[in-house]
Amino acid sequence: MLTKGPATPLELRYLDPEDVHIFRGEDGLVYATIRDEVTLISPAFLRSHPLTDPERYISIKGTIPKEGMEARGDEFGLLRNWRRLDPESRRLIEEQLARRYLHPRLTRIISLEDYSGVQVAVFETDRGVREVTLRDVRDNVIYLDSNRLLITDAENNRYDVPDITALDRQSRVYLARIL
Amino acid sequence: MPVLEQVPESVRTAVEQRHPGAEVKVSARADLRNGGVFGDKWLLLAGDRVLVCDDGEAPQVSTDLPLADISNFEIDTLVGGAALRAVVNGQRIDLISFTNALADRFGRVREQLDAAAKGKPIREREERLNRCSTCGMVLGEHTRVCPRCLRRGAVLRRLLGYARPYRGRLTLIMVLLVSGTAIGLAPPLLTKYLVDDVLIPRKNVHLLLLLVAGLAGTSILSTGMEIWRGRLAAWLGGRISFDLRADLYERLQWLSLRYYDKHPTGALISRLTQDSGGVQDLLAFALPMVVGSVIQIIGVAIVLFIMNWKLAILALIPVPFLIMLSHSLWIRLRKAWHAYWYRWGRFHTLVNDALNRVKVTKAFSQQPSEVTRYGARNDDLRYAGVRAEQTSATMFPFMWLVVGSGSLLVWLFGGMLAIRAQITAGDVVAFLGYVGMIQFPLHFLSQVTQWLSRALTAAERVFEVLDTESDSEKSKGSVSPARLRGEVEFQNVNFGYERHQQVLKEVSFRVEPGHMLGLVGKSGAGKTTIINLLCRFYDADEGDVLIDGTNVKDLALWEYRKHLGVVLQEPFLFSGTIAENIAYGKPDATPEEIMAAAKVANAHDFVVNKPDGYDEQVGERGGRLSAGERQRICIARAILRDPAILVLDEATASVDLETEQQIQEAITRLIEGRTTFAIAHRLSTLRNADQLIVLEDGKIVEYGAHQELQAKKGVYAGLLEMHQKTSMLGALHAD
């Protein structure tokens, strides 16, 4: 049963996609209703596992306007699979997720030059091409598993390499040169 | 200075069309377009409109808001970047998004737009530049040295400046280098005579003896010179890097705390150790090698051309190609080894981690998974190791084959010339000797550029610290009172460590000499910042701090701090004896003074109980003493210093009740007759305070004596109530 207000402190609440509707109000703000009982104003949609399981377990946090709660950002529940929402809700949640998670994935290394241990590379990503500077690159790489890397550049931007083996040969040669 | 970046013509035109003649007051480029795709987008404050404009073929103004409608601007922190939003009638409107690269710049933009929206003047704050001003390359976080633009000559000259006091030895090194190289040129020539005049004619025993003696003589002589030169160079390199380290350390001691905020100690330590070590390598090893190699190559080339210029040309033609080949082989080799060492590092981390948490592993029965994890990393290491070893096993013999092929050409062409009797057999042998002689120097020079630039970058990083403007704590201010009464006044003080957030806002208060001021507030409210300004670790951005009516900026800082006593929340002891720790602020204190101070601090009794008494080593950071003991030593330190103004950042460390009582007693004795600033956590301290300041978000919200504030039933009363509850819990717990 759905009770008003946030989830109980000890139990996670999974939301049924049928019950959740996300829409943009006339005032331009995003609202989420849960089984027509609760309306959240400008809810936040957060990935619980942004790297390892980005699609599932979307946490919905927000404020109920009529109850006059402070914007404390309590979690209302988790969506196991947001793709089962209705199309409008899906579009909005996708938009919100894309806004929050700037998470470029490396698809190719176009060039790489070394200046005394500092590398200037041109990365092709799913968000476009960008020149990046890499410094102490080995200290700024996290191995999520043996073929997946996260590279942080000198400007504190992070690039995901989901699968090294899926890269083309030249990119792998460049990667091998710096790792 | 407002952020005003050069706006592209097309964007300018688009803005001009909409708002002709509007003055652009702020312009900033963001690096994300709609949908989080990389690309330029512009945010402008033109006239009284806030505009967002795409950059591209046909720029479009996508947002156009009147500044008057906007109450304020905010930064919404996202994952991997952030968004700048405008608040209009309580609604948040996304203006523009950007990646972490521009976070600092847009922090500034927000500040400026906010000021504009509220009709305030734009405050001037310098931007933290993280790009090279010449080439635009992104720089390291704590350095301004650009590896691409480094002026190597200038750094080298400055480095050689450090050698100036040791000119005599330097000259001697150069003389030894040149003469050693010259002597080294003799043996192949002697071999030529050995072949032509002894071996081929099969006679001249006298000449044979003479030539062998010559060979022995030159090799003994050049070995001796080599040893002498090497020892001198080691001495000089050590000496110069000693001087450099000494300069560096002294500079570090005098640098301002602001500098330390921006440069983590780890980075500074590495400048002191690794970078100055790099400089030593450069001076003691690389530079002499470079000079020696160049001299040797020139010397050999001259001798070869004198002997036979045709053969010399033929013998030297392949050299550049051989060098290039050996260089590329060398790179592959180095890469393989670097990959191996890197994996060693990761392996080391894993083992270190795993063995440190062995108790947890056992408690959760995770030994098998630990073994699996180790196995994977171990295998990774094995693979990299095998690759590195195998590359070495292949490359080294191959490299020597390549290098050796140079002599094949000498055999071929020299042999032909010898058959035609244009040169002698001895010439061929001598040529072989000379060609062999320059292989190594040439190979070395092909590696040296990268080597050199690394060492010079290290040197430049050292110079960067040396060139940083120091606090000049010695020179600041001129008034140095012999005694302070201890009157403290803050007048409309504003301060922030970073431009993003102001920590103190319009703080004003006054403390009479000998009075005690309690600072109350949640963590982050600005209590410690007030202390920092009082100690003049930082200067107020606006407003004044007055001590006995004199602006703290006019006081001789070095002298002023002698009147301050500080007991910090985290009692800091350095490794050494208890006596040394107590006497830190007064190194010439007598044992009796030290003991008297310890007695007042309730420390004497436990100290004499230690096996080594006052000579007991406290261990690193005082690790061998309990928290309560450390605290009392710090109090003794402050008592010994006899300060007019006392700063007390009270410990909340969990100590037992008896210890707490002893510390409390010591503190009560310490604060007698001194102006005291106490960041108070204990109720008893709060009651003792003559005045209390309650801070909230950098502002003074309540100001007065304990009873007054309690009666007021405001923030203080609330805090007090909460305190009573938790200390009751604490008391129960302690029982």
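Conventions we followed
- Residues numbered from 1 in each chain as written.
- Chains lettered and ligands numbered in written order.
- Predicted model: local features only at pLDDT ≥ 70, side-chain atom pairs only at ≥ 80, totals over all residues.
- Contact = placed C-beta atoms within 7 Å.
- Helix = DSSP H or I, 4+ residues; strand = E, 2+ residues; numbered from the N terminus.
- Nonpolar A, V, L, I, M, F, W, Y, C, P; charged D, E, K, R; others polar.
- Pairing = 2+ DSSP bridges.
- Axes fitted to C-alpha atoms, helices over the stretch in contact; angles between N-to-C directions.

**Student:** So what's going on with the interface of chain A and chain B? Which residues, and what values?
**Tutor:** Each partner contributes residues to the interface: chain A has 29 residues there, and chain B has 25 residues. Elements with a contribution of two residues or more to the side of chain A that touches chain B: helix H1 (87-100), strand S8 (118-125) and strand S9 (128-135) of chain A. It is S9 of chain A that contributes the most residues to the side of chain A that touches chain B, five residues altogether. By residue class, the composition of the side of chain A that touches chain B is eleven nonpolar, eight polar and ten charged.

**Student:** So what's going on with the sheet that holds strand S10 (residues 141-145) of chain A? Which residues, and what values?
**Tutor:** Residue and element names in this part refer to chain A. Spatially, three strands are ordered S10-S11-S12 in an open sheet, and the strand pairing comes out antiparallel. Looking along the sheet, the strands with just one partner apiece sit at the ends: S10 and strand S12 (158-161). The average undirected angle you get between the axes of adjacent strands in this sheet is 20°. Relative to strand S11 (residues 148-152), S10 runs antiparallel, the two being bridged by four bridges. Each bridged residue has a counterpart across the sheet, and for Asp145 the counterpart in S11 is Arg148.

**Student:** Kindly report on the pairing of S8 of chain A, identifying the contributing residues and their values.
**Tutor:** All names here are of chain A. Where strand S7 (residues 106-115) and S8 come together, eight bridges link them in antiparallel fashion. Its bridge partner lying in S8, Ile109 is registered against Phe123. Relative to S9, S8 runs antiparallel, the two being bridged by eight bridges. Residue Val118 lies in a different strand from S9, and its bridge partner there is Arg135. Here S8 hands over to S9 after two residues, the two strands then running antiparallel side by side.

**Student:** Tell me about the sheet that holds strand S4 (residues 38-47) of chain A, residues and numbers included.
**Tutor:** Residue and element names in this part refer to chain A. Read from one edge of the open sheet, six strands run S1-S6-S5-S4-S3-S2, paired in mixed fashion. Edge strands, defined here as strands with exactly one partner in the open sheet, are strand S1 (14-15) and strand S2 (20-24). Taken together, the five bridges between strand S5 (residues 58-63) and strand S6 (residues 74-79) define a ladder with antiparallel strand orientation. The residue bridging Ile60 from the neighbouring strand is Gly77, located in S6.

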